[in-house]
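Examining the three-dimensional arrangement
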Amino acid sequence: MKVRRRAQLFSLMSVCTVLTATSCAAGGSSASGTTLDQAGCDKITGGAAAGASTSLKQPSGGGQSLHVQQASLETGLPKATARSKTISFVGGAYTGTTEAYWKDLAGKFEAANPGYKVNIRIIDWNNIDQQVSTMIQTKQYPDVLNQNKFSGWAANGLLQPIDSLVSPTVGNDFIPSFKENSYYQGSQYGLPLIASTRALFYNKDIFAKVGISKPPATWAELVSSAQKIKAAGYTGYGLPLGGEENQGEWSLWMWSNGGDWKSDDKWSVNSERNVQSLNFLSCLANVYKVTQPNPGQTNRTDGVFRPFANGQTGMIMGASFAPSLFKQWNSTVNYGIAPIPVNNGTKPFTLGVQDYLVSFKNPGNTEAVSKFLNFFYQTDNYVRFLTSQGFLPTTQTASTALKDDPNFAPYLDLLPIAKFYPSTDPSFPKAQGTLEAQLGTALTPGADTKSVLDQIQSAATQGNGG
Amino acid sequence: MRHHTWRSLTWISPSVLLIVAVITLPALRMVWTSLQLTDETGVSHGFAGLANYRRLFAEPALVNVVSNTVVWVLLVVGVSIVVALGLAQLLNKQFFGRRLVRWALIVPWATSLVMTSTVWRYMLEGGNGIVNRFLMDLGVISAPIGWYQDPRYAFWSVVGVGIVVTIPFTTYVLLAGLQAIDAQVYEAGKLDGAGPWKTYRYITLPLLRPALVIATILVTIYVFNSFPVIWVITGSNPGNFSDTTLTWAYKIAFQQQLNTGEGAALSVFNVLILIVVVLLYLRAVNGDRERQSWLGRAWAALTDRLSERWGRRRPAGPVSVAVSDRARRRMWPRLRPVVLPLAGLVVAAFFLAPYAVMFLASFKDGAELYAVPATYLPRHWEWSNWANVWDVLPLAMLLRNSLIIAAASTALVLLIAVPAAYYTARNRFAGRTAFLNLVLVTQVLAPVALVVGIYQEVIYVDGVNQYWAIVVVNAAFNLAFVTWIMNGQFAGVDLAIEEAAMMEGLGPVRRMLRIMLPVVRPGLVTALVFTFIQVWNEFVISLTVFNDPTNDRVTLPVGIQQLVGLNETNYQYLFVASLIATVPVVVLFITIERHLVGGLTAGGVK
């Protein structure tokens, strides 16, 4: 035990010396290093804290200049001599029924297009990155891949521009904000597949019991509500900063305080405003003590959604797919949905997460890939995918088709104010990976929040070389 | 004995071929990757020299992770071996219900490590974990503890789970060794008036030494490379509080740094360390045979000192010892029929407990799975979970594939490894030590580090999604264990038995088949069970090279993993499927377990 403690201490010291000699040693600035106390925390929601002096900029979606092009009308792409009628599809398992859906779709596709064949391979999200990396390293590119990123492969020239692979009817049907977020250096490489949005979920019964009339709209209100709920014996706010999905939770807090991943097209993960946001999360956990235990190590689904569904938590950042989970768990929780509480007078927004379909350049695969993609985006096939997997549509036709569905309607309205991860930037996966793997450590009492954000910043700005 | 190098080739070349093809070449690929500059998507951008190694050694988490690894290996191996020695001793005694205890101990071993780790994670959950409920009911703790979430406990929790899952396997390796000890030796000891402690110290332990040495090496490698325990339980925890070098290599390659080159560098570093540790250990334990090495001398001096101390401690308190000895001799025969079955019951209950939790949870509905506090028994028994799982998963297809692959791989590995083990045990030839060390090194390489190279090779030979390819790969990964276990077994058999057959003119093949195999049956059964279980539960390689749901080519562990969704995990189905998956292994074990018992007398009487 002793040995290990010493080792940890030592490594902690080396973290400081190697990474942030300045912030550990100096500790002078109000934002970093120093222990947070009640007064310091209250100051954050008072809006008078650090970072307020810098001009409050409306954070922009991806920060990149986008060149939205009309989907090319020319369908006759230069074809390789050997045309392949068999293609491979690799995708992630959103639910236990994802594989069944794709296998069924492939069967229907093959029946409608005699001679063509689609080999389906569905991989769970814990293993998909390793599996796809293995395919890339061995140059066994899937013809169609479903993932949450695309720009890294596009930057390496492995993908084919995808707008020319789908018919104009399909290409022009995507909701513009989703489509814009699928470009790399002027070409569209990703087809928006699914979307989800976030909102504040609050337990109406608990709110009534402790006498709170309306959901909090600001951070200050959120703190006071959470304190009342906590005093009644519930978890005030369920905060998941464990590795499973903390990039979503973090984005919500970062944006609601007026910070962003990038500013002026440069990475700004460790900006003063963002340090302040992370300090606030640390305040929730360690000073106000309104979260569940160990928020830095709590995963979203099991650690926050489940307790909320069981009626033990006052507030969480819910997601558009959460209601279907609650239903599946036979939850009877009586909850309401409200906009994300903001600080520093930030405008209302929501986090929009979208996943993509991309197509790798394999000689002779364009015709079969094109046929399959067009088949998939036929409204009935696409809607069946969304309803079976519980995600929001990225096309206008499907949005119209689903607008009367009570599971979708409240979230469809949020899509216009959705902000996205900077996933068009090839560096984003590294920033996200480091954030997932390290952000939670910032919530250990006394941790140096700035140094954690510094790590993420340097992951985003440094490549693997040199 | 003989020195025919060319003849040795016919016995060992199949093993060498298999190792070179399936393990050495991918390992070279791993080294090559560690010298390449690879970007975060996996695309290579040319030679990087030692840059990946420099990056690795500059990582701030390195010290913490390495110290975790040392503690992990020492604690898990040390405690597992000590406990397993006791358990093997218990299971080697005759008592009412022994069979049941043996069956109970096979369950944790038969269940895939991924599933065992999943149920442990579920049990160790902070708010609604059953471990917290149990400890609070007992009054040990007053508030729930986040066993795997709280950085103060996370590492110790995985160490605890690591120990529990390592004990059954270790026990069986040691049990096979215990059963190979000639009963006549014990009788001779009894005639000389040796008490149980002396019998254990001067007869059992020295004779068990070969098995113990092998068990220690194999368990060390097994523990060092046991990825799923840490990965499943604390893999998604931010920070490196409970990472070992293996899980960290995965994080570097695929999660945080997204640098497969640096990940490969850490894997290379890992392998080098393990090889050095294992060779040092081998050298040390063979020390009294080769006293020229300082380590051998140190080891011999240490053991001499220890045995002297143990030897001296006995007469130090002659009175009390004599009294307790007498009392024990009077009491023991009366206590024995009660104490042994009782001890067996406790052991069985302890090792079955996680699977009992799994079983009970498989009847719970989604809400109750996460009820606070956790419930012991389901409030509503959802029998439909057990019926629905057959619709959710193509279980029959998955079971069929896994059975074919496990049976074929086990047969292949026995066919290749047993002759090699027999030959190396009975003959001294040029390259014998090199061969045995080569085999051992294959065990040192974790499949997850080699998967890219293996995949590339399987593509090259057009074996993707082919049964033969996955069978060959699985056989290669289990070659080392079978070779070493069987080598130890063959070496332990008295030469005289074979010499008689040699006089009758039997060739080496017939001697091996007719004389030796029946004698080493316990070891053979252990090797068979081990291989079958390993292949049955193998995940990473099947996921990569044998994964074609369109054509019904998926193995059981890969198929079950489909139940782990992005935002939801269907624990009830996961648990049902995992329990169903253990049934064939337990049935296999029960049908051949009597051979394990039979071996007890086989060595002695014949």
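Residues numbered from 1 in each chain as written. Chains lettered and ligands numbered in written order. Predicted model: local features only at pLDDT ≥ 70, side-chain atom pairs only at ≥ 80, totals over all residues.

Short version of the rule: UniProt positions are given in the numbering used here, feature names are shortened, and annotations may be inferred rather than shown by experiment.
The name given to chain B in an unreviewed UniProt entry is ABC transmembrane type-1 domain-containing protein, and the organism recorded there is Streptosporangium carneum. Looking at chain B in UniProt, the text filed under Sequence similarities (unreviewed entry) is "Belongs to the binding-protein-dependent transport system permease family." Within the UniProt record for chain B, the comment given under Subcellular location (unreviewed entry) is "Cell membrane".

The name an unreviewed UniProt entry gives chain A is ABC transporter substrate-binding protein, with Streptosporangium carneum as the organism.

Looking at the interface of chain B and chain A
The line we're drawing: In this description, a residue-residue contact is defined by the distance between C-beta atoms placed from the backbone, which must lie within 7 Å. A run of H or I in DSSP counts as a helix once it spans at least four residues, and a run of E counts as a strand once it spans at least two, with each numbered from the N terminus. All residues other than Ala, Val, Leu, Ile, Met, Phe, Trp, Tyr, Cys, Pro, Asp, Glu, Lys and Arg, Gly among them, are scored as polar; the first ten of these are nonpolar and the last four charged.
Facing the 61 residues of chain B at the interface are 73 residues of chain A. For the side of chain B that touches chain A, the secondary structure elements donating two or more residues are strand E1 (36-38), helix H3 (62-91), helix H11 (245-255), helix H12 (260-285), helix H15 (366-369), helix H19 (447-460), helix H24 (540-545) and strand E3 (547-548) of chain B. Class assignment of the residues belonging to the side of chain B that touches chain A gives a composition of 26 nonpolar, 28 polar and 7 charged.

Digging into the nonpolar core
Stated formally: What we call a nonpolar core is a set of buried Ala, Val, Leu, Ile, Met, Phe, Trp, Tyr and Cys residues whose membership is set by joining through C-beta atoms within 7 Å. Exposure criterion: with C-beta atoms placed from backbone coordinates, a residue whose C-beta has 20 or more other C-beta atoms within 10 Å is buried, one with 12 or fewer is exposed, and one in between is partly exposed.
Judged by nonpolar contacts, the single largest core of 180 residues is most densely connected at Leu218(B), Val473(B), Ala476(B) and Leu479(B). Among the elements that line this core, the one with the most residues is helix H20 (residues 467-492) of chain B, at 16 residues. Beyond its immediate sequence surroundings of up to four residues, Leu218(B) is in contact with Val173(B), Phe481(B) and Trp484(B). In terms of nonpolar packing, the next biggest core, distinct from the first, is built from 126 residues, Ile128(A), Leu284(A), Leu351(A) and Leu412(A) among them.

Looking at the domain arrangement of chain A
For an interface, size is often stated in terms of accessible area lost upon the parts coming together. Residue and element names in this part refer to chain A. As a reminder of what qualifies: The split into domains, and so the bounds of each, comes from an automatic or database assignment of domains.
Per the domain assignment, the segments of chain A are domain 1 (35-48 + 198-351 + 428-461) and domain 2 (86-196 + 352-419). Taking only C-alpha atoms into account, the centre of domain 1 sits 30 Å from that of domain 2. Between domain 1 and domain 2, the contact holds 14 residues from the first and 15 residues from the second. Here the side of domain 1 that touches domain 2 is composed, by residue class, of 10 nonpolar, 4 polar and no charged.

What to know about the UniProt feature "domain: ABC transmembrane type-1" (unreviewed entry) in chain B
According to UniProt, the positions carrying the feature "domain: ABC transmembrane type-1" (unreviewed entry) are residues 66-281 and 399-592 of chain B. Between the end C-alpha atoms of residues 66-281 of chain B the distance is 19 Å, and the span holds 76% helix and 0% strand.

Concerning unusual backbone geometry
Between Val372(B) and Pro373(B) the backbone carries a cis peptide bond, its omega angle lying at -5°. If you trace the backbone, Pro373(B) turns up in the loop between H15 and helix H16 (384-392). Positive phi is not limited to glycine here, since Asp264(A) has a value of about 50°. With respect to the helices and strands, Asp264(A) occurs in the loop between strand E8 (262-263) and strand E9 (266-267). Here the phi dihedral of Asp462(B) falls at roughly 60°; this positive angle occurs in a residue that is not glycine. Relative to the helices and strands, Asp462(B) resides in the loop between H19 and H20. A tally of 8 C-beta atoms within 10 Å means that Asp462(B) is categorised as exposed.

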